[in-house]
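Architecture at a glance
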Amino acid sequence: MASPTIRDPRSDRLLTPKNAALVIIDYQPVQVNSILSTDRELMVDNVVRVAKLATAYGLPVVLSTVNVATGRNQPTIPALQAALPGAEALDRTTINAWEDIEVNAAIKATGRKKLLMAALWTEACLAFPALDALHEAYEVYPVVDAVGGTSVEAHETALERIVQAGAQPVGWVQLACELQRDWNRSATVKPFMDVLFDPRVPFRAAEEAGSKRH
């Protein structure tokens, strides 16, 4: 059966490579190691897959860190850096990335109104910019299986808060299928399959490999 005429990818109500941007906030060693709401290795594996999807489908990516310049924190974990070649981390001191002038400007410069968001922790660095973005009429899609909080309660409460404010939760597999949408889009079938079926790389092994490269 022939596929229907493709819908306008910019005005499509679903996520497409032409209407969405990815915002990744604070996947740094201190934050990753403080996660208690989910399996850390699985969470890191998932956010790396999200980053690879963004690269494969050409989504604009805004990457941010906190307190690297002040010396209080370390940069983005190597496994995630490797999945985002060329992405420059915008460092800040604000807990709420939306309140940082450079991060705010970078998000708005993408020209995309649908924002995929992944951040640590859920209760702070995801919730605060998500709420602000929603207030400014952006559509926010937290990637729920790639984020985590300092407790199950903190994580779930934060997700509930932003969903009640209008956020639309998405998982990374759903995201992959939503971006691909049609097997006739042959240029991205192989990247889709590569991301979907890559063997899981344990967090510690990925970190050790990253450390050896630097």
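Before going into details, it helps to say that this report is about the structure given with it. (Residues numbered from 1 in each chain as written. Predicted model: local features only at pLDDT ≥ 70, side-chain atom pairs only at ≥ 80, totals over all residues. Heavy atoms only, no water.)

Some remarks on the pattern of salt bridges
- What the rule picks out here adds up to eight salt bridges.
- Where arginine 92 meets aspartate 26, a salt bridge forms, and the shortest distance between an N and an O atom there is 2.8 Å. Pair noted here: arginine 92 is in strand β3 (residues 90-92) and aspartate 26 is in the loop between β1 (20-25) and α1 (29-33), with a separation of 66 residues, a long-range link.
- According to the relative accessible area criterion, arginine 92 is buried, its value standing at 2%.
- Among the residues examined, aspartate 26 registers a relative accessible area of 0% and is labelled buried. (Salt bridge = Lys/Arg side-chain N within 4 Å of Asp/Glu carboxyl O. Helix = DSSP H or I, 4+ residues; strand = E, 2+ residues; numbered from the N terminus. Buried < 20%, exposed > 50% of the residue type's maximum accessible area, 1.4 Å probe, protein only.)

Here's the deal with the sheet that holds strand β5 (residues 139-142)
- With parallel pairing, five strands are arranged side by side in an open sheet as β3-β2-β1-β4-β5. Strands at the two margins of the open sheet, each flanked by one partner only, are β3 and β5. Mean inter-strand twist for the sheet, computed between neighbouring axes without regard to direction, equals 25 degrees.
- As judged from the three bridges shared by strand β2 (residues 61-66) and β3, these two strands associate in the parallel manner. Bridge assignment links valine 66 to a residue of β3, and that residue is arginine 92. (Pairing = 2+ DSSP bridges. Axes fitted to C-alpha atoms, helices over the stretch in contact; angles between N-to-C directions.)

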